[in-house]
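Chain by chain, the residues:
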Amino acid sequence: MKPIQVGLLGMGVVGSGTFNVLKRNQEEIRRRAGRGIEIIHVADLNVERVRSWVGPDVTVTSDARAVIANPDIDIVVELIGGCTIAKTLVLEAIAAGKHVVTANKALLAVHGTEIFAAASARGVMVAFEAAVAGGIPIIKALREGLTANRIEWVAGIINGTTNFILSEMRDKGQDFGVALQEAQRLGYAEADPTFDIEGIDAAHKATLISAIAFGIPVQFDRAHIEGITRLCAADIHYADQLGYRVKLLGMTKRTAHGVELRVHPCLIPSRRLIANVEGAMNAVVVQGDAVGTTLYYGKGAGSEPTASAVIADLVDMARLHTADAAQRVPHLAFQPNAMSDLAVLPMDQVVTSYYLRLRVADETGVLAKVTAILAQTGISIDAVLQRQAHEIGPANVAEVAEVAQTDVIILTHDCQEARMNAAMAQMQALPSVLQPIIRIRKEELA
Ligand code: HSE
């Protein structure tokens, strides 16, 4: 059978990995796909660099539309990123009857509904394994491997940059700013790290996971997003003492009232496998009613790990290219006419447990006042830890000179976020509470 012909938009880190792995493993891939897969046309602004590198058999252009218009191209791989020109090009490729493979999580998390509808109407596929957790085949697992299950929740460390920073903070007792600088020096964090450290990249991925897990439309705008910029080494240290690790978690959960979709720092029991995922690695835990808990671990970024996911999509497309469109795996795992209208819950309706840290004046009755507020608000305490000023660290010694201070750390049982917000407002108003209360959510992942 004639090889399937691929056009590639953007020959950066992932594009070059895709080119290299396809070339290196072409025989193995052909045996799996049943036909060859060839990149024949590449669009990149740096034409000369790419031309010297891909050789004479590949046409190189700076005009992405020339690739889309090439009648020999069966599949367009979009590796440009972002939601502006990438969106236009993806929709044009679909309109031209090309299948699309993309690693663009932002594009699909924000505009997925429009893009998938356009693809279905045109009878083409849009595949995006590389958009979530890089080389980990989590889309494949959720859409196909776990298709028998009613998915209950999915929790993931789906941003390697922040996981690297949190690992550094824990290992070296560094504060966030220092660990970020180290991440930038080593090339894990970009010069503008906003998308990673503010949780936006993880929320794009969590949005896609949520849609596939529960058969709901992509709803990035309903996701609750908090990054790691306000975390202190002290909280990571206290969490450790209580038997927890702090991770930036992408969490989506089915409840009786709707779907939770949230990204925020989270305490996880240290004994869970996912709590021990360190450095820039990613991991996703899926809880299904039939299978129980499954865990997927691997590299969430990088040239060849991400290329591995791009090529997996190309092989799927090579196999399904001639199949009846109705028989293909649906974009969001559920048939488009069988999607659920389960609402994504506002954050104040989410139920979880909490770590609280209160910097208080070390005087009689403070703890009693704090615990009374929790009791009156109906919040049950799981554990309390108090640390004296000298244990807090040298940076705080100057502060404690005027008034003796102490950190009170409280772990709670589950309660609704609205109730916790009310309790925190009352505790914050106590004159003995000297600094803004630190609140980190906690998931047992049992
Ligand atoms: N910047 C991401 C990360 C990889 O740090 O995991 C691409 O989504």
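Novice: Tell me about the sheet that holds strand E2 (residues 37-43), and please be specific about residues and values.
Specialist: The six strands lie next to each other as E3-E2-E1-E4-E5-E6, forming an open sheet whose pairing is parallel. Whereas interior strands pair on both sides, the edge strands pair on one side only; in this sheet they are strand E3 (59-61) and strand E6 (126-127). As judged from the four bridges shared by strand E4 (residues 75-78) and strand E5 (residues 99-102), these two strands associate in the parallel manner. In the sheet register, valine 76 faces E5, and the bridge partner there is valine 100.

Novice: Describe the site of the ligand, naming the residues involved and giving the relevant values.
Specialist: The ligand sits among Lys105, Asn159, Gly160, Thr161, Asp196, Asp201, Lys205 and Ala301. A distance of 2.7 Å is found between an oxygen atom of the ligand and a side-chain nitrogen or oxygen belonging to lysine 105. Within the side chain of aspartate 201, one N or O atom sits 2.9 Å away from an oxygen atom of the ligand. For the ligand, the protein covers 82% of the area, taking 260 Å² as the surface of the free molecule. Going through the elements one at a time, helix H8 (160-172) and helix H11 (200-214) are the ones with two or more residues in the shell around the ligand.

Novice: Residue-level account of the packing of helix H5 (residues 85-95) against helix H6 (residues 105-122), with values.
Specialist: With their axes 9 Å apart at the nearest point, H5 and H6 run at an angle of 15 degrees to one another. Taken together, the axes of H5 and H6 lie roughly parallel to each other. In the crossing of H5 with H6, the sense of the turn from one axis to the other is right-handed. Here Ala86, Lys87, Val90, Leu91, Ile94 and Ala95 of H5 lie close against H6, whose contacting residues are Leu107, His111, Glu114, Ile115, Ala118, Ala119 and Arg122. Residues belonging to the contact of H5 with H6 are distributed by class as follows: nine nonpolar, one polar and three charged.

Novice: Hey, could you go over the environment of valine 291 for me, with residue numbers and the actual values?
Specialist: Tracing the chain through its elements places valine 291 in the loop between strand E11 (281-288) and strand E12 (292-299). Distance in space between the C-alpha atoms of valine 291 and glutamine 428 is 44 Å, their sequence separation being 137 residues. When sequence neighbours within four positions are dropped, the list of residues in contact with valine 291 reads Leu146 and Asn149.

Novice: Could you give me a rundown of the domain arrangement of the protein chain, with the residues and numbers involved?
Specialist: By a frequent convention, interface size equals the accessible area lost on bringing the separate parts together. You can read the domains of the protein chain as domain 1 (4-137 + 303-338), domain 2 (138-299) and domain 3 (351-442). If you average the C-alpha positions of domain 2 and of domain 3, the two centres end up 25 Å apart. Each side of the interface is counted separately: domain 2 has 17 residues, and domain 3 has 14 residues. Three residues, Tyr238, Leu242 and Leu267, lead the burial of domain 2 against domain 3; their summed loss comes to 41% of the area buried on that side.

Novice: A description of the pattern of salt bridges should follow, citing residues and the corresponding values.
Specialist: All told, the structure shown has 29 salt bridges when counted by the stated rule. Here arginine 357 makes a salt bridge to aspartate 235, at a shortest N to O gap of 2.5 Å. Of this pair, arginine 357 sits in strand E13 (residues 351-361) while aspartate 235 sits in helix H12 (residues 233-241), placing them 122 residues apart in sequence. With respect to class, arginine 357 is no different from aspartate 235; both count as buried.

Novice: Explain the pairing of E2 to me, and be specific about the residues and the numbers.
Specialist: Counting buried residues in E2 gives six out of seven residues, a clear majority hidden from the surface. Pairing of strand E1 (residues 4-9) with E2 involves six bridges; the strand directions are parallel. Pairing of isoleucine 4 across the sheet is with isoleucine 37, part of E2. As paired elements, E2 and E3 share three bridges and run parallel to each other.

Novice: Provide a residue-level description of H12, including the pertinent values.
Specialist: What H12 keeps buried is the set Ala233, Asp235, Ile236, Tyr238 and Ala239. Glycine 243 occupies a position one or two residues after H12 and carries a positive phi of about 90 degrees.

Novice: Residues and numbers for the packing of aromatic side chains, please.
Specialist: According to the stated counting rule, one finds three aromatic pairs in the structure shown. Between the aromatic rings of phenylalanine 19 and tryptophan 53, the centroid separation amounts to 5.7 Å while the plane-to-plane angle is 40 degrees, which identifies the pairing as tilted. Taken as a pair, phenylalanine 19 in helix H1 (residues 13-24) and tryptophan 53 in helix H3 (residues 47-54) lie far apart in primary sequence, 34 residues in all. For phenylalanine 19, a relative accessible area of 9% translates into the label buried.

Novice: Tell me about the side chain of glutamate 168, residues and numbers included.
Specialist: Within the secondary structure, glutamate 168 is located in helix H8. Those residues within four positions of glutamate 168 in sequence are excluded, and the remaining contacts are Gly173, Gln174, Ala179 and Glu182.

Thresholds applied
- Residues numbered from 1 in each chain as written.
- Predicted model: local features only at pLDDT ≥ 70, side-chain atom pairs only at ≥ 80, totals over all residues.
- Heavy atoms only, no water.
- Pairing = 2+ DSSP bridges.
- Helix = DSSP H or I, 4+ residues; strand = E, 2+ residues; numbered from the N terminus.
- Near = heavy atom within 4 Å.
- Polar contact = N/O pair within 3.5 Å; in protein donor to acceptor, adjacent residues only side chain to side chain.
- Areas by Shrake-Rupley, 256 points an atom, 1.4 Å probe, with all protein chains shown as cover.
- Axes fitted to C-alpha atoms, helices over the stretch in contact; angles between N-to-C directions.
- Parallel < 35°, antiparallel > 145°, perpendicular 65-115°, else oblique.
- Left-handed = near helix turned anticlockwise from the far one by under 90°.
- Contact = heavy atoms within 4.5 Å.
- Nonpolar A, V, L, I, M, F, W, Y, C, P; charged D, E, K, R; others polar.
- Domains from an automatic or database assignment.
- Buried area = accessible area lost by both parts, 1.4 Å probe.
- Salt bridge = Lys/Arg side-chain N within 4 Å of Asp/Glu carboxyl O.
- Buried < 20%, exposed > 50% of the residue type's maximum accessible area, 1.4 Å probe, protein only.
- Phe/Tyr/Trp six-rings, centres within 6.5 Å; stacked < 30°, edge-to-face > 60°.

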